[in-house]
Amino acid sequence: MIPAPFTYKRAFSVDEALDLAAQDGDDAKFLAGGHSLLPLMKLRLAVPEVLIDIGRLGELRYVREQDGHIAVGAATSHDELARSALLQSELPLLAHAASQVGDPQVRHRGTIGGSLVHADPAADLPAVALALDVTLVARGPAGTREIAASEFFQSLFETALQPGELLTEIRIPRPDAAGNWAFQKFTKRAIDWAIVGVAVQGGNVALVNMGQTPLRAAAVEQALAAGASPREAAAHAAEGTSPSADINGDARYRQHLARVLVGRALEESRSRA
Amino acid sequence: MKVTIKVNGNQVAAEVADRTLLVHFVRDVANLTATNVGCDSTSCGACTVLLDGKSVKSCTVLAAQADGSEVTTVEGLAGGSGEMHPVQSAFHAEHGLQCGFCTPGMVMAAVSLLAENPSPTEEDVRTALEGNLCRCTGYHNIVRAVLAAAPATSERRSA
């Protein structure tokens with residue numbers, strides 16, 4: 001399988017990438033690690049006419065402390081996230097979840113920004129971004145703007161980014177209790193997408209693959225806030241969800257799995273606190 | 001576009017279509033055909049090569065993305081006089097292959113693992129090979145081979 005023909009352009013700075021995107025409009029896509037986009041292009045589900053390669057821009061690859069939060073460059077690979085000493089100590093949920101994406105080869109190429117803008121509800125990091133209440137920083141023709149994670153994921157493969165806008169940074173507030181986290185996902189093979197997954201940070205609970213977008217499990221969070229036990233809170237995990245049915249399970253199975261995994265994740269998170 | 005990639009130490013330059021995948025550049029331009037195309041969908045790992053020292057699935061990288069980089073395939077592991085790399089020797093000694101189709105990718109994934117973690121546990125090895133499928137299900141001997149190769153590989157690196 002090979003992608004349909006396109007024109008490859010390499011950007012040597014974010015400014016140049018934005019200029020190139022402005023020239024080519026809707027026909028262009030940004031390419032970083034390519035581990036979401038190239039598979040879609042090989043299946044001809046995506047047929048961009050121009051690819052703008054931002055994968056080697058050092059200005060988009062970093063993990064650092066900045067003004068009281070942690071800032072992660074959008075082209076930072078999953079492998080770099082997993083190995084970051086700063087994330088391991090300050091945001092272990094993100095470091096651990098990144099270490100569970102795909103397999104080592106995928107983690108060497110795939111990037112956090114690519115995973116977030118692809119907005120696949122079955123991917124791990126979008127739900128982690130919701131659980132961590134991150135802010136997404138985008139640059140575009142109209143300048144720089146910040147988008148809350150709760151506003152970012154709009155539908156299946158659809159985000160709040162406008163044409164020509166590039167996700168440049170993920171800003172992550174320091175959680176009150178960074179050690180109070182858990183990540184659970186259920187797969188048939190290690191490299192598969194989660195049939196269902198759960199990310200927990202403090203009282204925030206987010207679900208992987210339980211609808212058209214990653215979701216916050218609001219009913220679980222409310223029950224926890226009202227003093228429910230992990231088991232009691234987990235009973236609410238499927239409320240408000242409409243998971244898809246596929247070869248791995250029907251909607252009822254996924255809803256059952258969500259209750260089981262949320263229960264395990266809450267117990268795990270509590271055991272770390 | 002013109003793509004130049006240092007493959008196993010040799011500069012390979014060619015004018016290729018922008019959509020050329022790295023695995024096709026390696027097989028059809030550099031004429032190194034040990035790297036197999038298996039699933040062609042980022043799952044099986046048969047096409048694993050090292051890109052600037054790190055394992056990647058070359059069916060999901062554009063040759064253009066590797067322009068100016070170094071690529072190592074299984075043909076590039078043996079020493080100048082043909083002696084096998086410790087990982088290759090260990091696959092031979094431990095019978096870490098059956099049909100052999102997954103082997104080039106398995107070996108490159110193992111080399112990448114041992115570069116990152118010179119003394120892996122058995123669990124580390126199994127986890128590190130999760131992106132490489134063996135249709136013969138010969139995993140036990142493959143894992144044994146990687147564990148056996150670990151000491152020799154770190155000796156070779158420090159030498």
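Please read all numbers here as calculations on a predicted model, not as lab measurements. (Residues numbered from 1 in each chain as written. Chains lettered and ligands numbered in written order. Predicted model: local features only at pLDDT ≥ 70, side-chain atom pairs only at ≥ 80, totals over all residues.)

Let's talk about the overall build of chain A
Next, step 1: Broken down by element type, chain A carries twelve helices and 14 strands.
Next, step 2: What you see for chain A is a C-alpha radius of gyration of 18 Å, in line with the 19 Å of a compact globule of 273 residues.
Next, step 3: Taken along its principal axes, the extent of the C-alpha atoms in chain A is 55 × 45 × 35 Å.
Next, step 4: Every one of the 273 residues in chain A was classed for burial, and the buried ones make up 53%.
Next, step 5: Excluding contacts between residues fewer than 6 apart, the proportion of contacts in chain A whose partners are at least 24 apart in sequence is 62%. (Helix = DSSP H or I, 4+ residues; strand = E, 2+ residues; numbered from the N terminus. Rg over C-alpha atoms; globule rule 2.2 N^0.38 Å. Buried ≥ 20, exposed ≤ 12 C-beta atoms within 10 Å, placed from the backbone. Contact = placed C-beta atoms within 7 Å.)

Some remarks on the packing of helix α5 (residues 92–99) of chain A against helix α8 (residues 124–131) of chain A
All names here are of chain A.
Next, step 1: The geometry of α5 relative to α8 is characterised by a closest axis approach of 10 Å and an angle of 175 degrees between their N-to-C directions. Classified by the angle between their axes, α5 and α8 sit roughly antiparallel to one another. On α8, the residues that touch Leu93, Leu94 and Ala97 of α5 are Asp124, Leu125, Val128 and Ala131.
Next, step 2: The residue inventory of the contact of α5 with α8, partitioned by class, reads six nonpolar, no polar and one charged. (Axes fitted to C-alpha atoms, helices over the stretch in contact; angles between N-to-C directions. Parallel < 35°, antiparallel > 145°, perpendicular 65-115°, else oblique. Nonpolar A, V, L, I, M, F, W, Y, C, P; charged D, E, K, R; others polar.)

As for the sheet that holds strand β2 (residues 10–15) of chain B
Residue and element names in this part refer to chain B.
Next, step 1: The strand order across the open sheet built from five strands is β2-β1-β5-β3-β4, with neighbouring strands paired in mixed fashion. On the outer flanks of this sheet lie β2 and β4 (54–57), each paired with one strand and no other. Pairwise comparison of adjacent strand axes, ignoring direction, gives a mean angle of 40 degrees for this sheet.
Next, step 2: Across the sheet, helix α1 (residues 22–29) touches β1 (2–7), β2, β3 (48–51) and β5 (70–72), and the angle it forms with β1 is around 75 degrees.
Next, step 3: Packed onto the sheet, helix α3 (residues 103–116) meets β3 and β4 and runs at close to 35 degrees relative to β3. (Pairing = 2+ DSSP bridges.)

Describing the interface of chain B and chain A
Next, step 1: Opposite the 25 residues of chain B that make contact, chain A presents 22 residues.
Next, step 2: Taken together, the elements giving at least two residues each to the side of chain B that touches chain A come down to β4 and α3 of chain B.
Next, step 3: When residues in the side of chain B that touches chain A are grouped by element, the largest group, four residues, is from β4(B).
Next, step 4: Among the residues forming the side of chain B that touches chain A, the class breakdown is nine nonpolar, ten polar and six charged.

Quick notes on the domain arrangement of chain A
All names here are of chain A.
Next, step 1: One can read the domain layout of chain A as domain 1 (7–53), domain 2 (58–173) and domain 3 (181–272).
Next, step 2: Of note, the centres of domain 2 and domain 3, computed from C-alpha atoms alone, are 21 Å apart.
Next, step 3: Contacts between the two partners involve 22 residues from domain 2 and, on the opposite side, 22 residues from domain 3.
Next, step 4: Elements with a contribution of two residues or more to the side of domain 2 that touches domain 3: α5, α8 and β8 (153–155).
Next, step 5: Ranked by the residues each element gives to the side of domain 2 that touches domain 3, the list is headed by α8, at six residues.
Next, step 6: Per-class residue counts for the side of domain 2 that touches domain 3 are 14 nonpolar, five polar and three charged. (Domains from an automatic or database assignment.)

A word on the domain arrangement of chain B
Residues and elements named next belong to chain B.
Next, step 1: What the domain assignment reports for chain B is domain 1 (2–75) and domain 2 (86–158).
Next, step 2: Centre-to-centre, using C-alpha coordinates, domain 1 lies 21 Å away from domain 2.
Next, step 3: Taken together, the contact pairs 16 residues of domain 1 with 13 residues of domain 2.
Next, step 4: At three residues, β3 tops the list of elements feeding residues into the side of domain 1 that touches domain 2.

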